[in-house]
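Tertiary structure, described
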Amino acid sequence: DPRNRMGYILNFEREFDEFSDHKAFIFGENELNSFLNIAGSRVMVRAHEQKIQHNFNGKCLTLSSTDYKDATKAYAIVNLSKDVYNTNQIEIHYF
(Lines give C-alpha, C1' and ligand atoms only; values in the text may rest on other atoms or scores of the structure.)
Protein backbone atom coordinates (compact mmCIF):
# COMPACT_ATOMS: atom_id res chain seq x y z
CA ASP A 1 0.00 0.00 0.00
CA PRO A 2 1.08 3.63 -0.27
CA ARG A 3 4.56 4.20 1.01
CA ASN A 4 4.47 0.86 2.86
CA ARG A 5 1.61 2.01 5.10
CA MET A 6 -1.94 0.76 5.51
CA GLY A 7 -4.81 2.96 4.37
CA TYR A 8 -4.45 6.08 2.29
CA ILE A 9 -2.27 9.17 2.56
CA LEU A 10 -2.27 12.70 1.20
CA ASN A 11 -0.51 13.01 -2.14
CA PHE A 12 2.01 15.76 -1.36
CA GLU A 13 3.57 15.31 -4.81
CA ARG A 14 0.45 16.92 -6.30
CA GLU A 15 1.08 20.10 -4.25
CA PHE A 16 -1.91 19.58 -1.96
CA ASP A 17 -1.62 19.62 1.80
CA GLU A 18 -3.78 19.01 4.83
CA PHE A 19 -4.73 22.70 4.99
CA SER A 20 -5.89 22.94 1.37
CA ASP A 21 -9.57 22.94 0.42
CA HIS A 22 -8.64 20.52 -2.37
CA LYS A 23 -6.94 17.26 -1.55
CA ALA A 24 -5.57 14.29 -3.45
CA PHE A 25 -4.91 10.92 -1.89
CA ILE A 26 -2.81 7.89 -2.68
CA PHE A 27 -4.36 4.53 -1.89
CA GLY A 28 -3.22 0.95 -2.22
CA GLU A 29 -4.70 -2.43 -2.99
CA ASN A 30 -5.76 -3.12 0.62
CA GLU A 31 -7.89 0.03 0.71
CA LEU A 32 -9.29 -0.69 -2.75
CA ASN A 33 -10.29 -4.21 -1.64
CA SER A 34 -11.94 -2.77 1.46
CA PHE A 35 -13.88 -0.24 -0.64
CA LEU A 36 -14.94 -2.91 -3.16
CA ASN A 37 -16.17 -5.16 -0.35
CA ILE A 38 -18.23 -2.35 1.19
CA ALA A 39 -19.62 -1.37 -2.22
CA GLY A 40 -20.36 -4.98 -3.15
CA SER A 41 -18.32 -4.68 -6.33
CA ARG A 42 -15.38 -6.46 -7.96
CA VAL A 43 -13.96 -3.54 -9.96
CA MET A 44 -13.77 0.25 -9.82
CA VAL A 45 -13.59 2.71 -12.71
CA ARG A 46 -12.19 6.12 -11.89
CA ALA A 47 -11.22 9.21 -13.86
CA HIS A 48 -8.06 10.79 -12.60
CA GLU A 49 -4.64 10.34 -14.15
CA GLN A 50 -3.31 11.57 -17.47
CA LYS A 51 -3.12 8.00 -18.76
CA ILE A 52 -5.36 5.00 -19.14
CA GLN A 53 -4.28 2.08 -16.98
CA HIS A 54 -5.44 -1.13 -15.33
CA ASN A 55 -4.25 -1.37 -11.72
CA PHE A 56 -4.33 -3.80 -8.81
CA ASN A 57 -4.59 -6.98 -10.89
CA GLY A 58 -7.51 -5.69 -12.94
CA LYS A 59 -9.56 -4.34 -10.05
CA CYS A 60 -9.19 -0.63 -10.88
CA LEU A 61 -9.46 1.05 -14.30
CA THR A 62 -8.17 4.61 -14.44
CA LEU A 63 -9.30 6.83 -17.31
CA SER A 64 -8.63 10.40 -18.36
CA SER A 65 -11.09 12.69 -20.11
CA THR A 66 -9.15 15.91 -19.80
CA ASP A 67 -6.94 17.88 -22.16
CA TYR A 68 -4.42 18.38 -19.35
CA LYS A 69 -0.91 17.95 -20.76
CA ASP A 70 -2.34 16.49 -24.00
CA ALA A 71 -3.51 13.39 -22.14
CA THR A 72 -4.97 10.46 -24.04
CA LYS A 73 -8.71 10.66 -23.40
CA ALA A 74 -11.12 7.76 -23.07
CA TYR A 75 -14.46 6.68 -21.71
CA ALA A 76 -15.67 3.26 -20.63
CA ILE A 77 -18.80 1.31 -21.45
CA VAL A 78 -19.75 -1.35 -18.93
CA ASN A 79 -22.39 -3.95 -19.76
CA LEU A 80 -24.21 -4.08 -16.43
CA SER A 81 -26.26 -7.10 -17.51
CA LYS A 82 -23.09 -9.23 -17.21
CA ASP A 83 -20.83 -9.86 -14.24
CA VAL A 84 -17.54 -7.95 -14.46
CA TYR A 85 -14.64 -9.68 -12.74
CA ASN A 86 -11.74 -7.74 -14.25
CA THR A 87 -11.22 -4.33 -15.82
CA ASN A 88 -10.07 -6.05 -19.03
CA GLN A 89 -13.77 -6.90 -19.56
CA ILE A 90 -14.65 -3.20 -19.78
CA GLU A 91 -14.94 -1.63 -23.21
CA ILE A 92 -12.69 1.45 -23.56
CA HIS A 93 -13.26 4.07 -26.27
CA TYR A 94 -10.59 6.66 -27.04
CA PHE A 95 -11.36 10.16 -28.28
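Residues numbered from 1 in each chain as written. Predicted model: local features only at pLDDT ≥ 70, side-chain atom pairs only at ≥ 80, totals over all residues. Heavy atoms only, no water.

1. Examining the overall build of the chain
Along the chain, the regular secondary structure elements total one helix and seven strands. Written out in order from the N terminus, the α and β elements of the chain read β-β-α-β-β-β-β-β. The 95 residues of the chain split such that 25% are buried. The contacts of the chain with a sequence gap of at least 6 include a subset with a gap of at least 24, amounting to 29%. Surface summary for the chain: the accessible area is close to 6,900 Å², and the carbon and sulfur share equals 47%. (Helix = DSSP H or I, 4+ residues; strand = E, 2+ residues; numbered from the N terminus. Buried < 20%, exposed > 50% of the residue type's maximum accessible area, 1.4 Å probe, protein only. Contact = heavy atoms within 4.5 Å. Areas by Shrake-Rupley, 256 points an atom, 1.4 Å probe, with all protein chains shown as cover.)

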